[in-house]
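Structural overview
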Amino acid sequence: MQISGGNTVAEKTVIVMEGDQTGQELLEEALRVLDASVIGFEIEFRRFDLSLQHRRDTRNQVVHEAAAAMRETGLGIKAATITPEAKGDVGSPNAILREEIDGTVIVRTGRRIPGRAPLTGVYAPISVVRMAVDDAYGAKEWREGNGLDEVAYRTEHISRRVCRQVAEFAFQQAKRMKAKVFGGPKYTVSPVYEGMLKEELDEAAKRHPEVRYEPQLIDATYALLLTTSGEPLVIPTLNRDGDCMSDLVLQMFGSIAGSESLLLSVDDHLRPKVVMAEAPHGTAPALYGKNVANPMAMILAGAALLSYFDTENATAASRAIYEAALEAVADGVRTADLGGSTSTTEFTDEVIRRVRTKLEVWETLGEAGAR
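Here the structure is a predicted model, which means the values were calculated and not measured. Within each chain, residue numbers correspond to sequence positions counted from 1 in written order. Local features in this predicted model are restricted to residues of pLDDT 70 or higher, and side-chain atom pairs are both shown and tallied only at a pLDDT of 80 or more, whereas totals for entire chains, interfaces and linings draw on every residue. No hydrogens and no water enter the side-chain calculation; it runs on all heavy atoms of the structure.

Digging into the side chain of Gln173
Cut-off, in case you're wondering: Each helix is a run of DSSP H or I of at least 4 residues and each strand a run of E of at least 2, with the numbering of both proceeding from the N terminus. Only protein chains enter the area calculation, which uses a 1.4 Å probe; residues under 20% of their type maximum are buried, those over 50% are exposed, and those in between are partly exposed. The criterion used for residue contact is that any of the two residues' heavy atoms lie within 4.5 Å.
Position of Gln173 among the secondary structure elements: in helix 6 (residues 160-177). The exposure class assigned to Gln173 is buried, which follows from its relative accessible area of 9%. Excluding anything up to four places from it in sequence, Gln173 contacts Val107, Thr109, Ser127 and Val234.

Shown next, in the form of structure tokens:
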């Protein structure tokens, strides 16, 4: 899928947002896989230091600069970062990035990891496509009254523009995955508020008649997920519903190691214009400096980003990375979290070896070999 803005030249430019602790270590592993000596073509990497100390030193100016660079190139990859809890500190860089690139859609995909038993027997991929803005996050809250008569209030809003973007991308994602769009908001109880997303899902279904569509209420979606197994799904959600749903879905597969997270900005023609890839995990301070953390989610984030380059060589490299990472695990090359003893760098070395082999074989076989 092609992004609509930036990167019109042959050599793509990716904005690299460095992070903290193990997050930064795993980012470096992902960048090793994206080296030209591995994937066969050059990517220009422009680095921005988003570590906690540098964000403090620059009073978050570096975050704003990284966001501006992503708006220019359309592509970014980010390491996990620390969000300080103290009030008045620099806060979350994710919130700034999301706002400044106008990121409205978050996509997280859970998939089965070979050798890891899913908790519910699920084995087909499931993507959660959620709003990145509006809804419960950003709502105005206040209380009135005293004692047992005290009442808490909250005002929330969603926009038709964001609903349309989430709905459209859900169907685009389902088309790519050969999946079914499944689920939806609680539109029966909230026909005005949550019903807006349901209206846009229905309209998107008309635009994409080739995609299967099975609307469900959000509570039924949770229940039915526990009995699903063999059919790939794409679940469109409101912001907070999606936050909860994606946590459940990723854990259904027994580990979040095989997942990546994408933040997308969408243009008026419902095409992605900025894509930022990252891993769904945090900075894992207990693993920092030990060379034992699993780099797979960060490596898959790089593979996902390649799929938005819209070039044959990038598409082939993306597929090669996905296959190499999962096949390595299937063959017993596993870090400690998956029951193995492979180090972080050893796992990446194995992925690199397999990617090179795949791309060389596919090139030998010709174009059909990489389909």
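Let's pick the thread back up.
Considerations on the sheet that holds strand 1 (residues 12-18)
Here is the rule: For two strands to be treated as a pair, DSSP must find no fewer than two bridges joining them. Angles here are taken between N-to-C directions and fall from 0 to 180 degrees, while the axes themselves are lines fitted to C-alpha atoms, restricted in helices to the stretch in contact.
The sheet built from ten strands is open, its strands ordered 2-1-3-12-11-4-5-10-8-9 with mixed pairing. Either end of the sheet is taken by a strand with one partner, and the two such strands are strand 2 (43-49) and strand 9 (213-215). Direction aside, the axes of adjacent strands within the sheet are offset by 20 degrees on average. The strands touched by helix 5 (residues 93-100) within the sheet are strand 1, strand 3 (75-78), strand 4 (105-110), strand 11 (260-266) and strand 12 (272-278), with strand 3 carrying the most contacts at an inclination of about 170 degrees. Its contacts with the sheet put helix 10 (residues 296-306) on strand 1, strand 2, strand 3, strand 11 and strand 12, and the angle it makes with strand 3 is roughly 175 degrees.

Regarding the pairing of strand 6 (residues 140-144)
With zero of five residues buried, strand 6 is to be regarded as a mostly surface element. Note that strand 6 and strand 7 (residues 151-155) share five bridges and pair antiparallel. Each residue of the ladder has a partner; that of Glu144, found in strand 7, is Val151. In this antiparallel pair of consecutive strands, strand 6 and strand 7, the connection spans six residues, and Gly145 shows a positive phi of 90 degrees.

A look at the pairing of strand 10 (residues 233-237)
Of all five residues that make up strand 10, five are buried, and the element is covered over most of its length. Burial of the side chains of strand 10 extends over both faces: Leu233, Ile235 and Thr237 are buried on one face and Val234 and Pro236 on the other. The pairing of strand 5 (residues 126-131) with strand 10 spans five bridges and is parallel. Each residue of the ladder has a partner; that of Val129, found in strand 10, is Pro236. Strand direction decides the pairing type here: strand 8 (residues 180-183) and strand 10, joined by two bridges, are parallel. Looking at the pairing, Val181 lines up with Val234 of strand 10.

Quick word on a nonpolar patch on the surface
Heads up, the rule is: Residues with no salt bridge and a relative accessible area higher than 30% make up the patches, which join like charges within 9 Å and nonpolar side chains (Val, Leu, Ile, Met, Phe, Trp, Tyr) within 5 Å. Computed by Shrake-Rupley with a 1.4 Å probe, the accessible areas treat only the displayed protein chains as cover when residues are assessed. Salt bridges are defined as contacts in which a side-chain nitrogen from Lys or Arg sits within 4 Å of a carboxyl oxygen from Asp or Glu.
Nonpolar side chains collect at one region of the surface, where Trp142, Val151 and Tyr153 lie side by side and expose about 240 Å² of accessible area between them. Positionally, Trp142 belongs in strand 6.

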